[in-house]
Amino acid sequence: SLPLPSITPAERKWFGRLSLDTFPALAAAWRKSQDVLHAIRERLSSAELDDGLLTVAASGSLGRMEAVAGSDGDLIIIVGDHLAHDSEGAANIWNGVWTALQPLNMPPPRPDGIYAAATTAVQLCEPAARGRIDEDIPTFGKRFQLLWDAQPIWGADAHQQSLTRVIDWYTTGNDQRFPWWQYLLNDLLRYYRSLGVAYQWDDSRGPAHWRLRNFKWA
């Protein structure tokens, strides 16, 4: 397995020549994200959550530490593998997490987005999904976001275990004709183009939203 970061972005200290104070908007978003992440941790730590919940990770703008007022709560909620075929049980746990977070008045994820349902590690790492064009898009999206910008809020050990399984999914495939990183690169391109198509035809947030998305990807 590849080595994983020892600290989350929310714990990172900015120092030396690189200071966010030079960029007031970024500094404000960083502090806002830290405050929201801390509040989520406090709420989940004091809540009576289902034993089937393994980990909750922040993704999207919150995971990238660039949340602003009104940012969606893009949370990757991973439940036990025994719930892979129990959609009702997984949905109850997802709802339980968001019920615990209601006092924070954080906007929930879009109902048609990839964060609108829980997942399991076994679903994220289904061997038969490798190379499938018709793979379940929410599962594909959560897998890539877990690799990309997610950081654990609750259940850090389970988050690391899930992330390790995803990394192994890419690096230990049966097809040895190509280097493992080519599969990861092709999935990155597929994800980028999928978002490109989605945002090209979604004008609900204005044309500047796609330009901002391109900047984030750069």
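In the block above lies the structure referred to throughout.
Since we're looking at a predicted model, the values are computed, not measured.

A.B. asks: Hey, could you run me through a nonpolar patch on the surface in this one?
C.D. replies: Judged by side-chain polarity, W180, W181, L185, L188 and L189 come together as a nonpolar surface patch covering roughly 460 Å² of accessible area. Inspection of the secondary structure assignment puts L189 in helix α7 (residues 180-200). On the basis of relative accessibility, which here comes to 46%, the residue L189 falls in the partly exposed class.

A.B. asks: Honestly, the packing of helix α5 (residues 137-148) against helix α6 (residues 156-171) in this entry has me stumped. Any pointers?
C.D. replies: A pair of packed helices is characterised by two quantities: the angle between their axes and the separation of those axes. In the contact formed by α5 and α6, the axes pass within 10 Å of each other and the chain directions differ by 110°. As judged from the angle between their axes, α5 and α6 are roughly perpendicular. Note on element contacts: α6 touches α5 through H159, S162, L163, V166, I167, W169 and Y170, opposite R143, F144, L146 and L147. Across the contact of α5 with α6, the residue classes tally to 8 nonpolar, 2 polar and 1 charged.

A.B. asks: For this particular structure, what's the right way to read the packing of α5 against α7?
C.D. replies: At a closest axis distance of 11 Å, the pairing of α5 and α7 adopts a crossing angle of 115°. By the criterion of interaxial angle, the relationship of α5 to α7 is roughly perpendicular. Pair α5 / α7 crosses with left-handed handedness. Contact residues: F140, G141, R143, F144, Q145, L147 and W148 in α5; L184, D187, L188, R190 and Y191 in α7.

Calculation criteria
- Residues numbered from 1 in each chain as written.
- Predicted model: local features only at pLDDT ≥ 70, side-chain atom pairs only at ≥ 80, totals over all residues.
- Heavy atoms only, no water.
- Patch = residues over 30% accessible without salt bridge, like charges linked within 9 Å, V, L, I, M, F, W, Y side chains within 5 Å.
- Areas by Shrake-Rupley, 256 points an atom, 1.4 Å probe, with all protein chains shown as cover.
- Salt bridge = Lys/Arg side-chain N within 4 Å of Asp/Glu carboxyl O.
- Helix = DSSP H or I, 4+ residues; strand = E, 2+ residues; numbered from the N terminus.
- Buried < 20%, exposed > 50% of the residue type's maximum accessible area, 1.4 Å probe, protein only.
- Axes fitted to C-alpha atoms, helices over the stretch in contact; angles between N-to-C directions.
- Parallel < 35°, antiparallel > 145°, perpendicular 65-115°, else oblique.
- Contact = heavy atoms within 4.5 Å.
- Nonpolar A, V, L, I, M, F, W, Y, C, P; charged D, E, K, R; others polar.
- Left-handed = near helix turned anticlockwise from the far one by under 90°.

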